[in-house]
Amino acid sequence: MFTIGDFARHGRVSVRMLRHYDATGLLRPAHVDPATGYRSYSAAQLSRLNRIIALKELGFTLQQVRDIVDDKVGTEELRGMLRLRRAELEAAAAAAAARLVQVEARLRSIESEGHMPTNDVVIKTLPAVRVAELTATAAGFEPQDIGPVITPLYAELFRRLHTAGITPAGPGVAYYEDAPEGGGAVTVHAAVQVSAPLRDGADLTILDLPPVDRAATIVHRGSMDAVVPTAQALAHWIDGNGYRSAGYPREINLECPENRDEWVTELQAPVVQA
């Protein structure tokens, strides 16, 4: 038998936590001295303690933990609970990873302040281009708003193109405009170049994007989740070279391998002389 202090050390928990588990009935001492009230625990109770700690770290409530360790939850129900919690943790990890990418992108922007691009930006005239597209609305123009909208939009676009027997004839073209509802919302156009008749159907729209007389362009290498430094470098160049922006930039997907860190995307920002 172990004193509460010794058991806490072996279990890598605090004495306060063991007292709490005792008070809630989650882990009772093996023996309580009737004269002194001192609690004693057995080594066999480490197994129950380990299960309690593991389930708590998975995010289960104390009541759920009690039901599980007391075998009040069947195997299938427990499996379902664990699968659901795993999905929740995976979603939280993905969200945290996306936030980290945004933080790193902002840091790179801060670190590059004062270093203006010279040969990276090219002024171009953009010809009209025919595209097939689907649209949806994003809450804003930040990468964390655009990514979850445009990724499934492109997947659905290519599925519908396949169903319609239309083969892409060029790279993807993403472009944006202010959403009618305002409030900072953005209409996202997920498009790809095609050679097909104009079409305005419920399942798919094929239209001609108008030409752009003058666009400041720069190539971004890497995931679009980390586009902020490149986009801001372009903004600095525009402001420092006598131009002003004339709308949202287009994004031309030049290379899109499976690894998004290897993507190559050209940003094309319409500009006019300031």
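Residues numbered from 1 in each chain as written. Predicted model: local features only at pLDDT ≥ 70, side-chain atom pairs only at ≥ 80, totals over all residues. Heavy atoms only, no water.

In the nomenclature of an unreviewed UniProt entry, the protein chain corresponds to MerR family transcriptional regulator from the organism Streptomyces rugosispiralis.

S.K.: Can you walk me through the overall build of the protein chain in this structure?
M.R.: A count of helical and extended segments in the protein chain gives 7 helices and 13 strands. Rg of the C-alpha trace for the protein chain: 29 Å, well past the compact-globule value of 19 Å for 274 residues, more than 25% over. By residue count, 37% of the 274 residues in the protein chain fall in the buried class. Taking contacts inside the protein chain between residues at least 6 apart in sequence as the whole, the part at least 24 apart equals 66%. A total of about 15,800 Å² of accessible surface is found on the protein chain, and carbon and sulfur atoms cover 53% of it. (Helix = DSSP H or I, 4+ residues; strand = E, 2+ residues; numbered from the N terminus. Rg over C-alpha atoms; globule rule 2.2 N^0.38 Å. Buried < 20%, exposed > 50% of the residue type's maximum accessible area, 1.4 Å probe, protein only. Contact = heavy atoms within 4.5 Å. Areas by Shrake-Rupley, 256 points an atom, 1.4 Å probe, with all protein chains shown as cover.)

S.K.: When you look at the side chain of Thr230 in this model, what are you seeing that I'm missing?
M.R.: On the secondary structure map, Thr230 appears in helix α7 (residues 228–240). Given a relative accessible area of 14%, Thr230 falls into the buried group. Polar side-chain contacts of Thr230 include one of 2.7 Å to the side chain of His220. Setting aside residues up to four positions removed in sequence, Thr230 forms contacts with Ile218, Val219, His220 and Leu267. (Polar contact = N/O pair within 3.5 Å; in protein donor to acceptor, adjacent residues only side chain to side chain.)

S.K.: Where do I start with the packing of aromatic side chains in this structure?
M.R.: Each aromatic ring pair is summarised here by two numbers: the centre-to-centre distance and the angle between the ring planes. This structure, assessed with the given rule, holds 5 aromatic pairs. Ring geometry for Phe141 against Tyr248: centres 4.9 Å apart, planes inclined by 70°, an arrangement best described as edge-to-face. Of this pair, Phe141 sits in the loop between β5 (129–138) and α6 (143–164) while Tyr248 sits in the loop between β11 (243–245) and β12 (250–255); the two residues are 107 residues apart in sequence, bridging distant segments of the chain. Look at Trp237 and Tyr243: their rings are 5.8 Å apart centre to centre, the planes differ by 15°, and that puts the pair in the stacked class. Considered together, Trp237 and Tyr243 belong to a single accessibility category, that of buried residues. By way of ring pairs, the aromatic residues Phe141, Tyr176 and Tyr248 are connected into one cluster. (Phe/Tyr/Trp six-rings, centres within 6.5 Å; stacked < 30°, edge-to-face > 60°.)

S.K.: Is there a simple way to explain α7 in this structure?
M.R.: Residue pairs spaced three or four apart in an α-helix point in one direction, given the helix's 3.6 residues per turn. Between its terminal C-alpha atoms α7 stretches 18 Å, which fits the 18 Å expected from 13 residues at 1.5 Å a residue. Among the residues making up α7, those that are buried are Val228, Pro229, Thr230, Ala233, Leu234, Trp237 and Ile238. One or two residues past the end of α7 sits Gly242, with phi positive at roughly 80°. (Expected span 1.5 Å × (residues − 1).)

S.K.: Quick question: what am I supposed to make of helix α4 (residues 62–69) here?
M.R.: Of the residues making up α4, those classed as buried are Val65, Arg66, Ile68 and Val69. Seen from one end, α4 has its buried residues packed into an arc of 165°, which puts them on one side. Note on α4: the residue one or two positions beyond its end, Asp71, has a positive phi of about 60°. (Arc of directions from axis to C-beta.)

S.K.: How do you make sense of the UniProt feature "domain: HTH merR-type" (unreviewed entry) in the protein chain when you look at a structure like this?
M.R.: UniProt tags residues 1–71 as "domain: HTH merR-type" (unreviewed entry). Annotation note: span residues 1–71, helix share 55%, strand share 10%, distance between end C-alpha atoms 25 Å. (UniProt positions renumbered as here; feature names shortened; annotations may be inferred.)

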